[in-house]
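Next come the chains, spelled out residue by residue.
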Amino acid sequence: MVLLLGSVSSCKTLEDIDLAQEQPLVRLTKGACFGRCPIYECTVYTSGIATFEGQRNTPKLGLWIKRLPDAQMAELKDQLTETNLWQYESFFRSRIADAPLIKIEQFEDGASKMVAGKENRPEPVLQLQDMLEQIAESNTNTWTVRKPFDYNLPKGAKPGEIYVQLAPNIYVRNWIQGYARQGLRVAESLEDRSNYFLLQFDPTIAFPSEMERFFAYDDAVIYSSFLPEKN
């Protein structure tokens, strides 16, 4: 039955695959840290399909899908057997606060086993994590967008662009240095209004809603919007 399901999945296009009908094999979940650690969940299914759901600090935000080569699937299954998650305790305690919590969950015969922790997990578990990270963090070009990330923006707005008018006494090149962490930069100076700019930022690091909140409390900002102001 598993072989039959796998052959059916292999004949479908990535867009047509019903993920609800796929049987998960293993899942890697990476949590937040104090820095810019990528936050995502990557699931590999028995059919060889892999999904990546990026939540933050990754170029693959939203739900992505790909088909793994047979050789890579065979290698992953060998590593799962060698690691044998079922033999380990479910949680390894850590005293390091500034590190992401890593969860690896294996599925087998209707049951599942999760091992979670940070830096002090057994070497076989770390080897399995490394293999799953290579799949999850592989080049964006090898993946297909299944469900774009919802930035909750008005129609026509771009998630990494925002229009801002600064106070008359504010020099934009100095001001944007305060937003270096968000990758803020001047895309265009709009001459029709004084101190009015189209700015760009990295939406995988700072979401549009966060930029709106930053600017709402910034005394240097008179006006900000993701759509240009109508004259």
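One can find the structure itself at the top, above this paragraph.
Just so we're clear, the structure is a prediction, and the values are computed from it rather than from any experiment.

What counts and what doesn't
- Residue numbering note: each chain is counted from 1, following its sequence as written.
- Given that the model is predicted, a residue must reach a pLDDT of at least 70 before its local features are reported, and side-chain atom pairs must reach 80 or more before they are shown or counted; all residues, however, enter totals for whole chains, interfaces and linings.
- The side-chain numbers reported here are obtained from all heavy atoms of the structure, hydrogens and water having been left aside.
- Relative accessibility thresholds used throughout: buried, under 20% of the residue-type maximum; exposed, over 50%; partly exposed, between the two (1.4 Å probe, protein chains only).
- Runs of E in the DSSP output that reach at least two residues are strands. Runs of H or I that reach at least four are helices, and both are numbered from the N terminus.
- Pairing between strands is defined by DSSP: at least two bridges between them are needed.
- Any pair of N or O atoms that falls within 3.5 Å is considered a polar contact. Within protein, one atom must be able to donate a hydrogen and the other to accept it, and sequence-neighbouring residues count only if both atoms are side-chain atoms.
- Here a residue-residue contact requires only that any non-hydrogen atoms of the pair lie within 4.5 Å.
- Sulfur atoms of two cysteines make up a disulfide when they are within 2.5 Å.
- To define a nonpolar core, start from buried Ala, Val, Leu, Ile, Met, Phe, Trp, Tyr and Cys residues and group those joined through side-chain atoms within 4.5 Å.
- To obtain the arc, one takes the directions from the helix axis to the C-beta atoms.
- Between the N-to-C directions of two axes lies an angle of 0 to 180 degrees, each axis being a line fitted to C-alpha atoms and, for a helix, fitted only over the stretch in contact.

Undergrad: Explain the pairing of strand β8 (residues 161–166) to me, please; I cannot follow it from the model alone.
TA: Two faces make up the sheet, and in a regular strand the side chains alternate between them. Of all six residues in β8, six are buried; the element is thus mostly enclosed. Neither face of β8 is left uncovered, since the one carrying Glu-161, Tyr-163 and Gln-165 and the one carrying Ile-162, Val-164 and Leu-166 both have all their residues buried. Note that β8 and strand β10 (residues 196–200) share five bridges and pair antiparallel. Looking across to β10, one finds that Tyr-163 is bridged to Leu-198. Where β8 meets strand β11 (residues 221–225), four bridges bridge the pair, whose relative direction is antiparallel. Paired with Gln-165 across the two strands is Tyr-223, which belongs to β11.

Undergrad: Help me understand the side chain of Gln-165 in this model?
TA: With respect to the helices, strands and loops of the structure, Gln-165 is situated in strand β8. The class for Gln-165 is buried, based on a relative accessible area of 12%. A distance of 3.0 Å separates a polar side-chain atom of Gln-165 from the backbone oxygen of Ser-194. Ignoring anything within four residues of it in the chain, the contact list for Gln-165 reads Arg-193, Ser-194, Asn-195, Tyr-196, Ala-220, Val-221, Ile-222 and Tyr-223.

Undergrad: Help me out: how do you make sense of the pairing of strand β9 (residues 185–190) in this one?
TA: As paired elements, β9 and β10 share five bridges and run antiparallel to each other. Residue pairing in the sheet places Ser-189 in a bridge with Phe-197 of β10. Counted along the chain from β9 to the antiparallel partner β10, the turn is five residues long, and its residue Asn-195 has a positive phi close to 55 degrees.

Undergrad: Sorry if this is basic, but what is going on with the state of the cysteines here?
TA: What makes a disulfide is a covalent bond joining the sulfur atoms belonging to two cysteines. Going through the model one piece at a time under the given rule, you end up with one disulfide. The disulfide partner of Cys-33 is Cys-37, and the S-S distance across this bridge is 2.0 Å. Here Cys-33 and Cys-37 share a disulfide; its torsion about the S-S bond, 100 degrees, makes the bridge right-handed. You can call Cys-33 buried: its relative accessible area is 16%. The cysteine Cys-42 is free of any disulfide, with Cys-37 supplying the nearest cysteine sulfur at 17 Å.

Undergrad: Can you walk me through the nonpolar core in this structure?
TA: Across soluble globular proteins, nonpolar side chains show a tendency to be buried alongside one another. In this structure, Val-26, Val-44, Leu-76, Ile-104 and Leu-132 are the most contacted members of the largest nonpolar core, which totals 26 residues. Breaking this core down by element, the ones donating at least two residues are β1 (24–30), β2 (39–45), β3 (49–56), α2 (70–83), β5 (102–108) and α3 (123–136). Here this core takes six residues from α3, the largest share from any one element. Those residues in contact with Leu-132, other than ones at most four positions away along the chain, are Val-26, Leu-28, Val-44, Leu-76 and Ile-104. Listed in part, the 19 residues of the second largest apolar core include Trp-175, Ala-206, Met-211 and Val-221.

Undergrad: How should helix α5 (residues 208–216) be read in this particular structure?
TA: Every α-helix winds through 3.6 residues per turn, so residues three or four apart in the chain are directed the same way. Pro-208, Glu-210, Met-211 and Phe-215 are the residues of α5 that are buried. Taken around the axis of α5, the buried residues stretch over an arc of 155 degrees, which confines them to a single face. In the core, the buried residues of α5 are packed alongside β3, β8, α4 (172–175) and β11.

Undergrad: Quick question: what am I supposed to make of the environment of Ala-71 here?
TA: Counting through the fold element by element, Ala-71 comes out in helix α2. Ala-71 sits 69 residues away from Thr-140 along the chain, and the two C-alpha atoms are 20 Å apart.

Undergrad: Any chance you could explain the sheet that holds β9 here in plain terms?
TA: The pairing of strands in a sheet comes from backbone hydrogen bonds and takes either a parallel or an antiparallel form. Sheet architecture is open: four strands sit in the order β9-β10-β8-β11, paired in antiparallel fashion. Looking at the sheet topology across the chains shown, the edges are occupied by β9 and β11. The sheet shows a mean angle of 30 degrees between the axes of neighbouring strands, taken without regard to direction.

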